[in-house]
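The residues making up each chain are set out below.
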Amino acid sequence: MKTINDDASAQDLDPQSDHSSDYLLTSNPQPRRPRGFAAAAANPAGKGKKEREKEKERTKLRERHRRAITSRILAGLRQYGNFPLPARADMNDVLAALARDAGWVVEADGTTYRQCPPPSHVGSFAARSVESQLSGGSLRPCSVKETLGNQPPALRIDECLSPASIDSVVIAERDSKNEKYTSASPVNVVHCLEADQLIHDIHSGVHENDFTCTPYVPVYSKLPAGIINKFCQLIDPEGIRQELIHLKSLNMDGVIVDCWWGIVEGWNPQKYVWSGYRDLFSIIREFKLKLQVVMAFHECGGNGSSDALIALPQWVLDMGKDNPDIFFTDREGRRNTECLSWGIDKERVLKGRTGIEVYFDMMRSFRTEFDDLFAEGLISAVEIGLGASGELKYPSFSERMGWRYPGIGEFQCYDKYLQHSLRMAAKLRGHSFWARGPDNAGHYNSMPHETGFFCERGDYDNYYGRFFLHWYSQTLIDHADNVLSLASLAFEDTKLVVKVPAVYWWYKTPSHAAELTAGYHNPTNQDGYSPVFEILRKHSVTMKFVCVGFHLSNQEANESLIDPEGLSWQVLNSAWDRGLVTAGENAPLCYDREGYKRLVEMAKPSNDPDRRHFSFFVVQQPSMLQGNVCLSELDFFVKSMHGEMTGAI
């Protein structure tokens, strides 16, 4: 029997279908006895069990119908009412949005009141707070306090009132006074715990970006990828020293160094060369900077993200010529050599080793080689690369395959190993014909509305679509679980970090198409990040989120329905709610003063009542020696992160 989460979506409910009879109650006081009534009466236990099963099915249908109505209400308010509802809105959010639209102020704790007296009652109506947590519960009598003079009593709603009871209480109070309340102008919702609380509009001037006396957030700078060549030799030691002198002058806390699998084990399996990294770490030690290293099991520069091109190990590429299914594959059969397919995590196809054994051997070699640096505390954390670009995601947005922003990308599950996994999952579910990828999901540069799978009420939300997307995202989760289990063994007592991508385009569409192809089952009616964060919490991992600080034009926002603020709000709050330690890293773009302010506000949101903030922040930027970095802006950013700077300067 399927659970509620496996139920059909709104389009699966047809009022004219046979199920609709379950909603009808007969008015005949003496119904006809069906055939077999005497036999059923002789077996009351069997009849009772059958009735309970039927009632369960009716309950499911009623719940399905209720959820479908709720989903349509929320979709309509977002699309046509321009209500700023969170991605996971509930009835509290809907009620708060409607109250604000009517001119009320709704604070974070549910306190609700008029911003100012209505125009027709100026001087006679005392604005009072309507205190309610909107947390559900039964209706209780409201307490009314008399106001001074001849002012009407203010309505006070007990904080255990249910949302469904609020309207009746307010209407009853209004009717008893025979008053008409005119709507005040909409108010600024800076007090609401929504996306704008986390990513505050820099131009509003409410908080004036005063970062003095805010929490200290350490800042790390990521060193360029090309400082070590393919023979694991440090190319320019003096240039590195000059770079570190600049970073030290800016009061940076430390640096991030990528340890590339394609360099360290580049020529022969299980033959590791660390000499260039040893020289680099010795120089970093001279400057007394903290060090975080990245176990980079992916390709560098394949998507134009870096000037350096560092491929996977040559022996792996040679094996791929004989067995190309070790790489991720799209629907057209094109292979992506950016990283290994997760389908071989437990397949012995790499010279007798599985994928996760290959990762573990490199991590164990690093831990053994640099045991002295771990002992003295120079290496403060290790980031584990789990997918394309070192992020936990499928390589669905590959520029070499023709993808361009804001395309939805393509599913990467057509190598024979992942296809075998899909067949096994479909067989276990009892629907072997589901062992296929969707054939109407478009191509890399499609828009959601152009496809039958991702469009509104598309196949992504039918029985097959939910099955496939659950399997696709579960493969990502299982990969993270498997690799992090071995990483915890290799780096015992060392802080581990995992980078989560910011797939913010098409976030305002019901399907969240780009997130789906990246491996996050996060449509409007489901939270796709919480299962991932449960695994990160299991292994005590720090979640590092890619932060978008640059300003997006209205045209760009309208064309691809992007919402980086809403995505950031969802991801960070989901991580914080599960007790995860969080960190940030900027997208590799140039930033001005306003962009840096946005990053600081995201790192330590000023409106967060729990004072939550990042544990550290990583700055990606060009080399200081290239002259493309504005030192004054970067200095402002570091001081703001350290709580030493006001944004007004």
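This text follows the structure it describes.
Residues numbered from 1 in each chain as written. Predicted model: local features only at pLDDT ≥ 70, side-chain atom pairs only at ≥ 80, totals over all residues. Heavy atoms only, no water.

(A) A look at the pairing of strand E5 (residues 254-260). For E5, the buried fraction is high: seven of the seven residues fall into the buried class. Burial along E5 is two-sided: Gly254, Ile256, Asp258 and Trp260 facing one way and Val255, Val257 and Cys259 facing the other are all buried. Two strands pair when backbone bridges link them, and strand E4 (residues 219-222) and E5 are joined in this way by three bridges, in the parallel orientation. Bridge pairing links Tyr220 to Gly254 in E5. (Buried < 20%, exposed > 50% of the residue type's maximum accessible area, 1.4 Å probe, protein only. Helix = DSSP H or I, 4+ residues; strand = E, 2+ residues; numbered from the N terminus. Pairing = 2+ DSSP bridges.)

(B) Inspection of the pairing of strand E11 (residues 541-547) at higher detail. The buried count for E11 comes to seven of seven residues, which makes it a mostly enclosed element. Where burial is concerned, the two faces of E11 agree: the one with Val541, Met543, Phe545 and Cys547 and the one with Thr542, Lys544 and Val546 are both buried. Pairing between E11 and strand E12 (residues 582-586): five bridges, direction parallel. Bridge assignment links Val546 to a residue of E12, and that residue is Glu585.

(C) View of the side chain of Lys393. Take Lys393: it is sitting in the loop between strand E9 (379-384) and helix H12 (416-429). By relative accessible area, which is 13% here, Lys393 ends up buried. In contact with Lys393, not counting residues within four places along its chain, are Trp342, Gly387, Ala388, Leu476, Pro501 and Ala518. (Contact = heavy atoms within 4.5 Å.)

(D) Focus on the pattern of salt bridges. Across all of its chains, the model carries 30 salt bridges by this definition. A salt bridge links Lys321 to Asp318, with the nearest nitrogen and oxygen atoms 3.8 Å apart. Taken together, the residues span about one helical turn, with Lys321 and Asp318 both in helix H9 (residues 314-322) at a distance of three residues. Taking the relative accessible area as the measure of exposure, Asp318 reaches 35% and is therefore partly exposed. Of the charged contacts in the structure, one is a salt bridge between Glu585 and Lys499, with a shortest N-O distance of 3.1 Å. Note that Glu585 is positioned in strand E12 and Lys499 in strand E10 (residues 495-500), a separation of 86 residues in sequence. Accessibility classification places Glu585 together with Lys499 in one group, the buried group. Ionic contacts of the salt-bridge type, sharing partners, join the residues Arg278, Arg285, Glu369, Asp372 and Glu376 into one network. (Salt bridge = Lys/Arg side-chain N within 4 Å of Asp/Glu carboxyl O.)

(E) Region of interest: the sheet that holds E9. Spatial strand order, E4-E5-E6-E9-E10-E11-E12-E13: eight strands in a closed barrel with parallel pairing. Looking at each pair of strands side by side, their axes are set apart by 30° on average, direction ignored. Contacting E5 and strand E6 (290-296), helix H8 (residues 275-286) runs over the sheet at an angle of about 180° to E5. Contacting E4 and strand E13 (617-619), helix H19 (residues 631-641) runs over the sheet at an angle of about 175° to E13. (Axes fitted to C-alpha atoms, helices over the stretch in contact; angles between N-to-C directions.)

(F) How the structure looks around H8. Its twelve residues place the ends of H8 17 Å apart at the C-alpha level, agreeing with the 16 Å of an ideal helix rising 1.5 Å per residue. Buried residues of H8: Gly276, Tyr277, Leu280, Phe281, Ile283 and Ile284, and no others. The arc that holds the buried residues of H8, viewed along the axis, is 155°, so those residues lie on one side. At its buried positions, H8 is contacted by helix H6 (237-249), E5, helix H7 (261-264), E6, helix H10 (355-369) and helix H11 (371-376). Positive phi appears at Lys288, one or two residues downstream of H8, with a value of about 55°. (Expected span 1.5 Å × (residues − 1). Arc of directions from axis to C-beta.)

(G) Highlighting the packing of aromatic side chains. Under the defined criterion, the tally for this structure stands at 43 aromatic pairs. An angle of 65° between the planes, with centres 5.2 Å apart, marks the rings of Trp274 and Phe366 as edge-to-face. Placement of Trp274 in the loop between H7 and H8 and of Phe366 in helix H10 is noted, with a sequence separation of 92 residues between them. For the residue pair Trp274 and Phe366, the accessibility class agrees, reading buried in each case. Each ring, one from Tyr520 and one from Tyr529, has its centre 4.9 Å from the other, and the planes form 25°; the classification is stacked. Grouping residues by exposure puts Tyr520 and Tyr529 together as buried. Above the face of the Phe374 ring, Arg367 is positioned so that its terminal group lies 4.4 Å from the ring centre. Over the ring of Phe636 we find Arg593; its NZ or CZ atom is 4.0 Å from the centre of that ring. (Phe/Tyr/Trp six-rings, centres within 6.5 Å; stacked < 30°, edge-to-face > 60°. Lys NZ or Arg CZ within 6 Å of the ring centre and 35° of its normal.)

(H) The environment of Val94, seen in detail. Mapped onto the secondary structure, Val94 falls in helix H3 (residues 91-101). The spacing of Val94 and Leu74 is 20 residues in sequence and 7.7 Å in space, taken between C-alpha atoms. Every residue in contact with Val94, bar those within four places of it in the chain, is listed here: Leu74, Leu77 and Leu85.

(I) Fine view of the nonpolar core. Of all hydrophobic cores here, the largest spans 153 residues; its most connected members are Tyr277, Phe281, Met295, Phe366 and Ile384. Among the elements that line this core, the one with the most residues is helix H13 (residues 463-490), at 13 residues. Excluding anything up to four places from it in sequence, Phe281 contacts Val257, Cys259, Leu291, Val293, Phe366, Phe370, Leu373 and Leu378. Ranked by size, the runner-up nonpolar core spans seven residues in total, among them Leu77, Ala89, Val94 and Ala97. (Core = buried A, V, L, I, M, F, W, Y, C linked by side-chain atoms within 4.5 Å.)

(J) The arrangement of the packing of H10 against H13 in detail. Contact geometry for H10 and H13: axes closest at 9 Å, N-to-C directions at 25°. When the axes of H10 and H13 are compared, the pair comes out roughly parallel. In terms of crossing hand, the pair formed by H10 and H13 is right-handed. Together, Ile356, Tyr359, Phe360, Met363, Arg364 and Arg367 of H10 and His479, Asn482, Val483, Leu486, Ala487, Leu489 and Ala490 of H13 make up the contact between the two elements. When the residues that make up the contact of H10 with H13 are grouped by side-chain class, the tally is nine nonpolar, two polar and two charged. (Parallel < 35°, antiparallel > 145°, perpendicular 65-115°, else oblique. Left-handed = near helix turned anticlockwise from the far one by under 90°. Nonpolar A, V, L, I, M, F, W, Y, C, P; charged D, E, K, R; others polar.)

(K) The packing of helix H18 (residues 593-603) against H19, seen in detail. In contact at an axis separation of 10 Å, H18 and H19 are set at 15° when each is read in the N-to-C sense. Here H19 runs roughly parallel to H18, going by the angle between their axes. Seen from above, H18 lies across H19 with right-handed handedness. Contacts between H18 and H19 involve Arg593, Tyr596, Lys597, Leu599, Val600 and Ala603 from the former and Ser632, Glu633, Leu634, Phe636, Phe637, Ser640 and Met641 from the latter.

(L) Representation of the side chain of Ser446. Examined against the element boundaries, Ser446 turns out to sit in the loop between H12 and H13. Residue class for Ser446 comes out buried when judged on its relative accessible area of 4%. Polar contacts involving the side chain of Ser446 include one to the main-chain amide nitrogen of His443, which spans 2.9 Å. Non-local contacts of Ser446, meaning those with residues more than four positions away in its chain, are made with Gly407, Ile408 and Thr451. (Polar contact = N/O pair within 3.5 Å; in protein donor to acceptor, adjacent residues only side chain to side chain.)

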